[in-house]
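These are the residues of each chain, in order.
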Amino acid sequence: MSELNDYLEGKITFEEFERRREERKANNVNKEQKGDVSDEDETADQEDAVPSTSKKCARGTRKCQAETTEEGVSPSVQRAFASMMGDGLEECVEEDEEDEDGKIDWRVIGEDDDDDDDDDAEEGEEDEEDNDSNEVTPGDVFALEMELNRENKKMMKERRPRSKLPRALRGLMGEANIRYARGDKEDAILMCMEIIRQAPVAYEPFSTLAMIYEDQGDMEKALQFGLIAAHLNPSDCEEWVKLADMSLEQDNIKQAIICYTKAIKYDSSNVQYLWERSSLYEQVGEHKQAMDGYRRILSLLPPSDGEQFMQLSRDMAKSYYESSELPSAIGVMEEALDRHPELVTHECVNMAAELFIANHQHDKALEALVKFCGIVLKRQEKEETEMEKGDLTPAQETEGEEEKKEISEEEKGKILEVVIPDNVPVDIRVKMMVCLIHQQVFKPLDPMLTSLMEQSPEELGDLYLDVAEAFMEEGEYNSALPLLSALVCSERYNLAVVWLRHAECLKALGHLEVAVKSYSKVVEMAPLHLDARLALSTLQQQLGRPNMALAALEPMYDAETLAQDSSAAQQELKLLLHRSTLLHAQGRTDDYIDTVLTMLSMLLKVAMVRAQVCVVSDTSSGVKHLKLIKESRNKPTEIDDQEAAYLDVTGKTSVLSRDDWWKLLLHCLAVMCEVKRFAEAELLVDSTLEYYSFYDDRVKRKELEYLGLSAAFLDHNFRKAYDYIRLMLMDNVERTQLWNVFNQVTLHSQDARHHRFCLRLMLKHPDNHALYLLNGHTSLVSGTFKHALGQYMQAFRNQPDHPLHSLVVGLTFFHMACQRFVMKRHPLVVQGFSFLWRYVDLRGHCQESLYNLGRALHQLGLSHLAIHYYEKALTLPPLKLEGIDDDQVDLRREIAYNLSLIYQSSGNKEMARHVIYTYCTV
């Protein structure tokens, strides 16, 4: 078969191979016909028919010995040859499968017997027939070629990574290793350094250096060079594991984790590597990564390692449960129960049931207990269902089973009896009781509950509590009370949590007096238990004991603890909120303000520092209360990092929402104003405006500004009120109410700052009607009558029918006429009277209009006319204005006083006294 070898070596094409094969077959046929085929030719044909790598003698008496790994021929390739050549290699293939070293032993069985010629001739004829029947086809050639390609690819994958060390440096590397072996470590180090300089990506010198430094005891350098070598040759898993051990010796757990990760990358199915890395993850607190590693281990464990699988599953479930990952814990235990049900112990069932109960999956817990503990649930009408089932067809039987399953899930209450084997532990019995309680199955519980009560609560107190809590969750407080009463009377379980459940049970049953005693016991044993304090205060309030209710809500923590512990601060805020509600309901206003100020000082801690406001204790009234005061400006700021302090305050006060804090603030300001603590309300508003969360909200900021304006005005702090109203007017200059407040503030402040403000605002808003009048009033008071007249005339042109405009224009003319140096006095008086009479016409004949007319005549010295209008005004009643008392708009006292002045100046003192006594008597 020389043509086959030539084709495989690529010397000839496939067409040439077919042509030669056909010629050889034709020659063989001709030789058979002529009958001159010699023994020598037969031997040559047999040798051509069998490849050189698997050659066998015709009688099968001789075998050669060769190594398949050296020639690159695997058993699968030999089988391919055998399929083409016949069954001549069956023995070799079988021996190859049994040989562990992957080598084929060609054993010499014997030599040809030269004397037995007849046997040789017969065997030669048989071999010729076999050769004819086993001729090589093109399909066999393609199969052989494809098998060789697969073998080459497999060998390339399994081949060791090629060294990146150049051939020129391999001798030097070998010399370095020899020097190291002889103990000449210094020369070996120098040689390795030279190799690294010339070939920095080769791992061999780094590996040798790591071994040298390890022998010298320099583990730090050994680890560093070893890591470099491992990164340059990353597929060596054993080297990574060795480096991980060295890292652990140096307490570098994170480096060890990285080394194990590299080893796992190239040997992902190694359970030992995964286990070690997961253990290290647990040491550094990376719980999620550790659990992921354990999950991979579970997937790699074979079925024969069932005990290890179950133990690891229990440990993982416990770890998940401790880290509050209940669904993950349940998933691990469910997988363990399904995969190895024959290895499930009572411990596994107990843990699985506990996890199911904690996740409120009581039906699954009940199913696990029944399945693995041999517990039997006897249900109602079970025999009737079985009798009916016997008369059904298979399809109807299947449907009936599904319906029965659905009914059993819906009607759990029809369980009549529970049969539990004697070997079942009491823990599982109690969990069975808990599941039945949550399934609303109470009838079969009586014997089980009686059996539990016969046990000592000193030993099984935790199980007592589990059953009692299950009864309470289902509203069966009467059943839970005996269990809890037995626990609180014991010595070992006389605990605060048991007393709390006892108090809750009594409260639900309506035994308030006894519940108060139990809650008091809880507060005594656990003074920091917030829920117990709140419940005790509520009960005391319901029983008509307000003072004792407040005593239960006394502060729990000191100031230092509140500053450091966020959880303590949140609990204290909840307690203070309930206390403030209780105080307000009892009408204790000062104590309510103290409580709310304590809460707000926690929220506005940073804001108060910026606003220079602090909370102090005040005993001036004989009773200790809290008070807000303004700090000195020279006092340095106590908080250096205000941003961090603000974030800390936000975390502590997150127990209440921003809207809740806002409502609390508004209510506190309202109560402060009710008790006339306006100065403190003003300081509280100033502090709140420095709080970012409220200041950034435009609506809340505007409301705070209005509250601050009201508080400042009521506190007679008109300077501060002017600052508020000034900002408001700049935002909304057209609002009449703001101008009215502005007039009130400037009227009481006796400050001239508003003059320049109005003039500057007039430049921005030249058509504003209120600014015309205000600037005119300012000019009139300052004596610049012409400027005042110009402003008033602008207002008159805009609204000519407004009586006030006519009044102020007429008065301005009178003031100008009363000046000492004036050229046209009489025309000014006439113009003034014309506008004044226009004012009377627009306003009507009333007390106000006649008084203003008489006052103008009185100013001009026309006393007889002024008396007429004054007396006429006295006879008219005051105006009726909505929202204003009649006494506030009654002008009779002013009229009488002016009239008395006229009488005094004319010498008629009797009339002056009469008018005063009649209208001006207090």
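Counting restarts for each chain: residues are numbered from 1 in the order of the written sequence. Only residues with pLDDT of at least 70 are given local features in this predicted model, and only at 80 or more are side-chain atom pairs given and counted; all residues enter the totals for whole chains, interfaces and linings. The basis for every side-chain value is the complete set of heavy atoms in the structure, and neither hydrogens nor water enter the calculation.

Asker: Before we move on, can you summarise the overall build of the protein with the specific residues and values?
Answerer: To qualify as a helix, a DSSP run of H or I must reach at least 4 residues; to qualify as a strand, a run of E must reach at least 2; elements of each kind are numbered from the N terminus. Looking only at helices and strands, the protein features 51 helices and 4 strands. A 1.4 Å probe rolled over the protein chains alone gives each residue an accessible area, and that area as a share of the maximum for its type sets the label: buried under 20%, exposed over 50%, partly exposed in between. Scored against the burial criterion, the 922 residues of the protein give a buried share of 40%.

Asker: An account of helix α20 (residues 362-373) is requested, with residue identities and associated values reported.
Answerer: By this rule, a helix spans an expected 1.5 Å times one less than how many residues it contains. The terminal C-alpha atoms of α20 lie 16 Å apart, and with 12 residues this matches the ideal 16 Å at 1.5 Å per residue to within 8%. All buried positions along α20 are accounted for by His 362, Ala 365, Leu 366, Ala 368, Leu 369, Phe 372 and Cys 373. Looking straight down α20, one finds that the buried residues subtend no more than 160° of arc, so they occupy a single side. In α20, those exposed residues whose orientation departs by more than 90 degrees from the buried face are Glu 367 and Lys 371. The elements touched by buried residues of α20 are α18 (326-339), α19 (346-358), β1 (376-379) and α23 (426-438). An arc is given here, and it is the one of the directions from the helix axis to the C-beta atoms. Contact between two residues is taken to exist if any of their heavy atoms lie within 4.5 Å; hydrogens are not considered.

Asker: Tell me what's going on with the pairing of strand β4 (residues 625-630), and back it up with residues and numbers.
Answerer: A pair of strands is treated as paired once DSSP finds two or more bridges between them. Strand direction decides the pairing type here: strand β3 (residues 613-618) and β4, joined by 6 bridges, are antiparallel. Its bridge partner lying in β4, Val 615 is registered against Leu 628. Counting the residues in the hairpin turn of β3 and β4 gives 6 residues, including Gly 622, whose phi is positive at 90°.

Asker: Go over the side chain of Ser 247 with me, naming the residues and quoting the values.
Answerer: Relative to the helices and strands, Ser 247 is located in helix α13 (residues 237-249). When sequence neighbours within four positions are dropped, the list of residues in contact with Ser 247 reads Leu 223, Asn 252, Gln 255, Ala 256 and Cys 259.

Asker: Kindly report on the nonpolar core, identifying the contributing residues and their values.
Answerer: Membership of the largest hydrophobic core comes to 124 residues, with the highest contact counts inside it found for Val 418, Met 432, Leu 436 and Val 467. In terms of residue count, the dominant contributor to this core is helix α25 (residues 457-473) (9 residues). Buried Ala, Val, Leu, Ile, Met, Phe, Trp, Tyr and Cys residues form a nonpolar core when they are joined through side-chain atoms within 4.5 Å. Counting residues in each nonpolar core, the second largest holds 84 residues, with Leu 530, Leu 669, Ala 681 and Val 745 among its members.

Asker: Go over the pattern of salt bridges, please, and point to the residues and values.
Answerer: Note on definitions: salt bridges are taken to be side-chain nitrogens of Lys or Arg within 4 Å of carboxyl oxygens of Asp or Glu. All told, the structure shown has 28 salt bridges when counted by the stated rule. Here Glu 347 ties to Arg 314 by a salt bridge, and the two come within 3.8 Å at their closest N and O atoms. Of the two residues, Glu 347 sits in helix α19 while Arg 314 sits in helix α17 (residues 306-322), which places them 33 residues apart along the sequence. Given the relative accessible area of 49%, Glu 347 is considered partly exposed. Here Arg 501 and Glu 469 are joined by a salt bridge, their closest N and O atoms 3.1 Å apart. You can see Arg 501 sitting in helix α27 (residues 496-509) and its partner Glu 469 sitting in helix α25, a full 32 residues away along the chain. You can call Arg 501 partly exposed: its relative accessible area is 23%. One salt-bridge network, held together by shared partners, links Glu 175, Arg 179, Asp 184 and Asp 187.

Asker: Now, about unusual backbone geometry: what can you tell me, with residues and values included?
Answerer: At Gln 612, a position not held by glycine, the phi torsion is positive, near 60°. Turning to its location among the elements, Gln 612 is positioned in the loop between α34 (605-611) and β3.

Asker: Provide a residue-level description of the environment of Thr 653, including the pertinent values.
Answerer: Mapped onto the elements, Thr 653 comes out in the loop between α35 (642-652) and α36 (658-674). On the accessibility criterion, Thr 653 (4% relative accessible area) is buried. Sequence separation of Thr 653 and Ala 569 is 84 residues, and the distance between their C-alpha atoms is 7.6 Å.

Asker: Lay out the packing of aromatic side chains in plain terms, naming residues and giving numbers.
Answerer: Centres within 6.5 Å are what make two rings of Phe, Tyr or Trp a pair, Trp counting through its six-membered ring; a difference in plane orientation under 30 degrees is then read as stacked, over 60 as edge-to-face, and the rest as tilted. Scanning the model with the defined rule gives 15 aromatic pairs in all. Taken together through their ring pairs, the aromatic side chains of Tyr 722, Trp 739, Phe 742 and Phe 757 make up a single cluster. Sitting above the plane of the Trp 662 ring, Lys 700 keeps its charged end 5.6 Å from the centroid. A cation over a ring is seen here: Arg 701 above Tyr 695, with NZ or CZ 4.9 Å from the ring centre. Either the NZ atom of lysine or the CZ atom of arginine qualifies as a charge over a ring when it sits within 6 Å of the ring centre and within 35 degrees of the ring normal.

Asker: Could you give an account of the confidence of the model for the protein, naming the residues involved and the relevant values?
Answerer: The share of residues in the protein with pLDDT of 70 or more is 80%, and the mean pLDDT across the chain is 80. pLDDT is defined as a per-residue confidence score from the predictor, taking values between 0 and 100. A low-confidence stretch, residues 36-73 (pLDDT under 50), is modelled with 70 contacts involving residues beyond four sequence positions or located in other chains. Here residues 382-398 scores under 50 on pLDDT; set against residues more than four positions off or in separate chains, the count is 4 contacts.

Asker: Please provide a residue-by-residue account of a negative patch on the surface, values included.
Answerer: Side chains of Glu 354, Asp 427, Asp 462 and Asp 466 sit close together on the surface and give a patch of like negative charge. Inspection of the secondary structure assignment puts Asp 462 in helix α25. Within this analysis, patches are made of residues with over 30% relative accessible area and no salt bridge. Like charges are joined at 9 Å or less; nonpolar side chains (Val, Leu, Ile, Met, Phe, Trp, Tyr) at 5 Å or less. Computed with the Shrake-Rupley method and a 1.4 Å probe, the accessible areas treat only the protein chains shown as cover for residues. When charges are tallied, Lys and Arg are placed among the positive residues and Asp and Glu among the negative ones, while His and the ends of the chain are skipped. Taken as the charge location is NZ of Lys, CZ of Arg, CG of Asp or CD of Glu.

Asker: Let's hear about the packing of α19 against α20: which residues, and what values?
Answerer: With axes taken as lines fitted to C-alpha atoms, and helix axes fitted only over the stretch in contact, angles between N-to-C directions fall between 0 and 180 degrees. In contact at an axis separation of 8 Å, α19 and α20 are set at 170° when each is read in the N-to-C sense. Of the possible angle classes, the one that applies to α19 and α20 is roughly antiparallel. Our pair here, α19 against α20, has a crossing hand that is left-handed. Here His 346, Val 349, Ala 353, Phe 356 and Ile 357 of α19 come into contact with α20, specifically with His 362, Lys 364, Ala 365, Ala 368, Leu 369, Phe 372 and Cys 373. Amino acids outside the nonpolar list (Ala, Val, Leu, Ile, Met, Phe, Trp, Tyr, Cys, Pro) and the charged list (Asp, Glu, Lys, Arg) are all regarded as polar, and Gly is one of them. Taken together, the residues that form the contact of α19 with α20 break down as 9 nonpolar, 2 polar and 1 charged. In what follows, roughly perpendicular refers to angles from 65 to 115 degrees, roughly parallel to angles under 35, roughly antiparallel to angles over 145, and oblique to any angle outside these ranges. In this scheme the handedness of a crossing depends on how the near helix is turned from the far one: anticlockwise by less than a right angle means left-handed, clockwise means right-handed.

Asker: Account for the layout of surface pockets, naming residues and giving values.
Answerer: Throughout, the protein atoms alone are placed on a 1 Å grid, and a set of points is a cavity if a 1.4 Å probe fits but cannot get out or a pocket if it is open with protein on both sides within 12 Å along at least five of seven lines; lining residues have an atom within 4 Å of a point. Grid points are joined across faces, edges and corners, and a volume is the space filled by probe spheres set on the points. In this structure, the largest pocket occupies an estimated 1,400 Å³ of space. Forming the boundary of the largest pocket are 34 residues, of which Asn 740, Asn 743, Gln 744, His 777 and Leu 804 lie nearest the centre. When contributions to the lining of the largest pocket are tallied by element, the ones reaching two or more residues are α41 (736-749), α43 (769-782), α45 (803-817), α46 (825-843) and α47 (847-860). Considering each element in turn, the lining of the largest pocket owes the most residues, 7 residues, to α41. Each residue belonging to the lining of the largest pocket can be placed in one class, and the counts come to 16 nonpolar, 13 polar and 5 charged.

Asker: Account for the side chain of Ser 849, with residues named and values stated.
Answerer: Looking at the element boundaries, Ser 849 is found in helix α47. Given a relative accessible area of 0%, Ser 849 falls into the buried group. For Ser 849, the contacting residues outside a window of four places in its chain are Tyr 839, Val 840, Arg 843 and Gly 844.

Asker: Mind laying out the packing of helix α48 (residues 863-874) against helix α50 (residues 892-906), listing which residues take part and the relevant values?
Answerer: At their nearest, the axes of α48 and α50 sit 10 Å apart, and the two run at 150° to each other. As summarised for this structure, α48 and α50 are arranged roughly antiparallel, according to the angle between their axes. In the packing of α48 onto α50, the handedness of the crossing is left-handed. Facing α48, whose interface residues are Ser 863, Ala 866, Ile 867, Tyr 870, Glu 871, Ala 873 and Leu 874, α50 presents Arg 892, Ile 895, Ala 896, Asn 898, Leu 899, Ile 902 and Tyr 903. Its residues placed into classes, the contact of α48 with α50 shows 10 nonpolar, 2 polar and 2 charged.

Asker: Please give an account of the environment of Leu 463 that cites residues and values.
Answerer: As for its position among the elements, Leu 463 is in helix α25. Residues Leu 463 and Leu 483, 20 residues apart in the sequence, show an inter-C-alpha distance of 9.9 Å. Contact partners of Leu 463, with chain neighbours within four places excluded, come to Val 426, Asp 427 and Val 430.

Asker: If you had to explain helix α37 (residues 678-689) to someone new, which residues and values would you point to?
Answerer: Between the first and last C-alpha of α37 there are 17 Å, a value that for 12 residues agrees with the 16 Å anticipated at 1.5 Å per step. Along α37, the positions that sit buried rather than exposed are Phe 678, Glu 680, Ala 681, Glu 682, Leu 683, Leu 684, Val 685, Asp 686, Ser 687, Thr 688 and Leu 689.

Asker: Run through the state of the cysteines, naming residues and quoting values.
Answerer: The definition used for a disulfide is geometric: two cysteine sulfur atoms within 2.5 Å. In this structure the tally under the stated criterion is 0 disulfides. Free cysteine: Cys 673, not disulfide-bonded; nearest cysteine sulfur from Cys 668 at 9.6 Å.

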